[in-house]
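# Residue-level structure breakdown
These are the residues of each chain, in order.
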Amino acid sequence: MRVRKSPLTVASVPPNARTASAYPPLNLEVHTPRLSLLGATDDLLEQLVPVVREGVVKEPPWPFDDPISHYKDGPEREWAWLRAIWAGRGRVTEGFWRLYFVVFLYGRPVGVQDLIGTNFSKFGTVDTFSWLSAESRGQGVGKEMRQAILHLAFEGLGARQADSAAFVDNIASNRVSQALGYEPNGMDWDTRRGDPAELRRWRLTRDQWRRTRRDVITLKGVAACLPVLGIPTPRAR
Ligand SMILES: CC(C)(COP(=O)(O)OP(=O)(O)OC[C@H]1O[C@@H](n2cnc3c(N)ncnc32)[C@H](O)[C@@H]1OP(=O)(O)O)[C@@H](O)C(=O)NCCC(=O)NCCS
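Description of the structure in this document.

Definitions and limits used
Residues numbered from 1 in each chain as written. Predicted model: local features only at pLDDT ≥ 70, side-chain atom pairs only at ≥ 80, totals over all residues. Heavy atoms only, no water. Axes fitted to C-alpha atoms, helices over the stretch in contact; angles between N-to-C directions. Helix = DSSP H or I, 4+ residues; strand = E, 2+ residues; numbered from the N terminus. Left-handed = near helix turned anticlockwise from the far one by under 90°. Contact = heavy atoms within 4.5 Å. Phe/Tyr/Trp six-rings, centres within 6.5 Å; stacked < 30°, edge-to-face > 60°. Buried < 20%, exposed > 50% of the residue type's maximum accessible area, 1.4 Å probe, protein only. Lys NZ or Arg CZ within 6 Å of the ring centre and 35° of its normal. Core = buried A, V, L, I, M, F, W, Y, C linked by side-chain atoms within 4.5 Å. Near = heavy atom within 4 Å. Polar contact = N/O pair within 3.5 Å; in protein donor to acceptor, adjacent residues only side chain to side chain. Areas by Shrake-Rupley, 256 points an atom, 1.4 Å probe, with all protein chains shown as cover. Nonpolar A, V, L, I, M, F, W, Y, C, P; charged D, E, K, R; others polar. Pairing = 2+ DSSP bridges. Right-handed = clockwise from strand over helix to strand, strands pointing away. 1 Å grid on protein atoms, 1.4 Å probe; cavity = no way out; pocket = protein on both sides within 12 Å on 5 of 7 lines; lining within 4 Å. Points joined across faces, edges and corners; volume = space filled by probe spheres on them. Salt bridge = Lys/Arg side-chain N within 4 Å of Asp/Glu carboxyl O.

### Quick word on the packing of helix α1 (residues 42–54) against helix α2 (residues 75–90)
Axis separation between α1 and α2 bottoms out at 11 Å; the angle between their running directions is 145°. The two elements α1 and α2 cross, and the hand of that crossing is right-handed. Taken together, the residues of α2 that come into contact with α1 (itself represented by D42, L45, L48, V49, V52 and R53) are R77, E78, W81, L82, I85, W86 and R89.

As structure tokens, this is what we get:
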């Protein structure tokens, strides 16, 4: 089943009206012409569970050993995925936070997009993580959701630099970074299926982002989120 049924210019249909949370990161929204990235409430995560369940990787190139990409089938995989998000949402310190979004394409849940700040108040640097259902890939959605989360990072939170990394054989992820103006930033290592594999690192400065930024992207709920993340005001960097 391919998800793209409409012309690319049709605006995404937001999912059912959301009840505002007392916890501002859950109210965050980023909208592009096709996509809505909505703060990952439990209700939205439940909507995504069937997509995650379908998303077991069965052949190389193998992804990261994170729960959503993990190769073990069965309910343990989705339990581990949910637990990782619940734990990550609760782990907010001066030196670390991670924002989780469920991605909707034309109103259907298709994946996740995370934004990770490590020592953000000191360095203004962020990292990103993306995952899409297999049938939503290869239609420019990965690129558009990365543009969306970069807009939140640079425009909304005042980031100075965004980093990314992907295994050398993850052509789509590396290509998303390259297409959005990131520059190569060396190599690194991580494990997949427990075995070491080489990563390609990328970095995008604020000036480089300005060249590919899309003013059509809109943000909602950012101001209320700043104190939660320990960001006094978006810095002019
Ligand atoms: C990585 C991921 C989010 C990219 O999303 P996507 O929707 O597939 O990518 P897009 O359709 O936006 O394509 C982006 C670019 O990659 C290219 N591309 C995508 N898939 C490709 C493939 N299999 N082979 C060659 N090029 C490919 C596209 O042509 C496009 O390049 P362009 O800008 O020159 O046209 C998605 O593939 C995914 O979820 N993969 C599994 C999880 C994962 O690897 N996450 C990243 C961890 S680092």
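### Some details on the packing of aromatic side chains
How two aromatic rings sit relative to each other is given by the distance of their centres and the angle of their planes. The final tally for this structure, using the stated rule, is 3 aromatic pairs. An angle of 40° between the planes, with centres 4.8 Å apart, marks the rings of F64 and F167 as tilted. On the criterion of sequence distance, the pair formed by F64 in the loop between α1 and α2 and F167 in strand β6 (residues 161–167) is long-range, its members being 103 residues apart. Where F154 meets W209, the ring centres are 4.9 Å apart and the plane angle is 20°; that geometry is what we call stacked. Here W209 lies in helix α6 (residues 206–212) and F154 lies in helix α4 (residues 141–156), a separation of 55 residues in the sequence. Across the pair, W209 and F154 agree in class, each one buried. Stacked on the ring of F96, the Lys or Arg R91 has its end atom at 4.0 Å from the ring centre. Residue placement shows R193 over the ring face of W62; its charged tip is 3.5 Å from the ring centre.

### Re the nonpolar core
Among the nonpolar cores identified, the biggest contains 38 residues, and L37, W97, L115, L152 and L157 are the most heavily contacted of them. Put simply, the parts of the chain that give this core at least two residues each are β2 (35–39), β3 (96–105), β4 (108–118), β5 (125–132), α4, β8 (195–205) and α7 (222–229). For this core, the leading source of residues is α4, giving 8 residues. Core analysis: the next-biggest nonpolar cluster, separate from the first, contains 20 residues, L44, V51, Y100 and I116 among them.

### A few points about the site of the ligand
As a structural note, the neighbourhood of the ligand is formed by 20 residues, with L132, G140, K143, N170 and R175 the closest of them. Here G138 contributes a backbone N or O atom positioned 3.1 Å from an oxygen atom of the ligand. For the ligand, an oxygen atom lies 2.7 Å from a polar atom in the side chain of N170. Protein contact buries 71% of the 940 Å² of open area that the ligand shows by itself. Residue contributions to the shell around the ligand peak at 6 residues, all from helix α5 (residues 171–179). Split by residue class, the shell around the ligand holds 10 nonpolar, 7 polar and 3 charged.

### Re the pairing of β5
Most of β5 sits out of view: 6 of its 8 residues are buried. Inspection of the sheet shows β4 paired to β5 by 7 bridges, in the antiparallel sense. Note that in β5 the partner of G111 across the bridge is L132. Inspection of the sheet shows β5 paired to β6 by 3 bridges, in the parallel sense. Residue pairing for β6: D127 is matched across the bridge by D163. Traced from β5 through α4 to β6, the parallel crossover comes out right-handed.

### A look at empty space enclosed by the protein
Under the counting rule described, the total for this entry stands at 3 cavities of 30 Å³ or more. If you add up the space inside the largest cavity, you get close to 90 Å³. Taken together, Y23, P25, L26, L28, A40, R89, V92, R98, L99, Y100 and F101 make up the lining of the largest cavity. Examining the composition of the lining of the largest cavity, we find that 4 residues originate from one element, β3, more than from any other. Per-class residue counts for the lining of the largest cavity are 9 nonpolar, no polar and 2 charged.

### Points about the pattern of salt bridges
Applying the stated rule across the entire model yields 11 salt bridges. For E78, the salt bridge is made with R53, and the minimal N-O distance between the two is 2.8 Å. With E78 in helix α2 and R53 in helix α1, this residue pair connects regions lying 25 residues apart in the sequence. Take R53: its relative accessible area is 45%, and that puts it in the partly exposed class. Linking D215 and R213 is a salt bridge whose minimum nitrogen-to-oxygen distance equals 2.8 Å.

Function-wise, these values are silent; they only describe arrangement.
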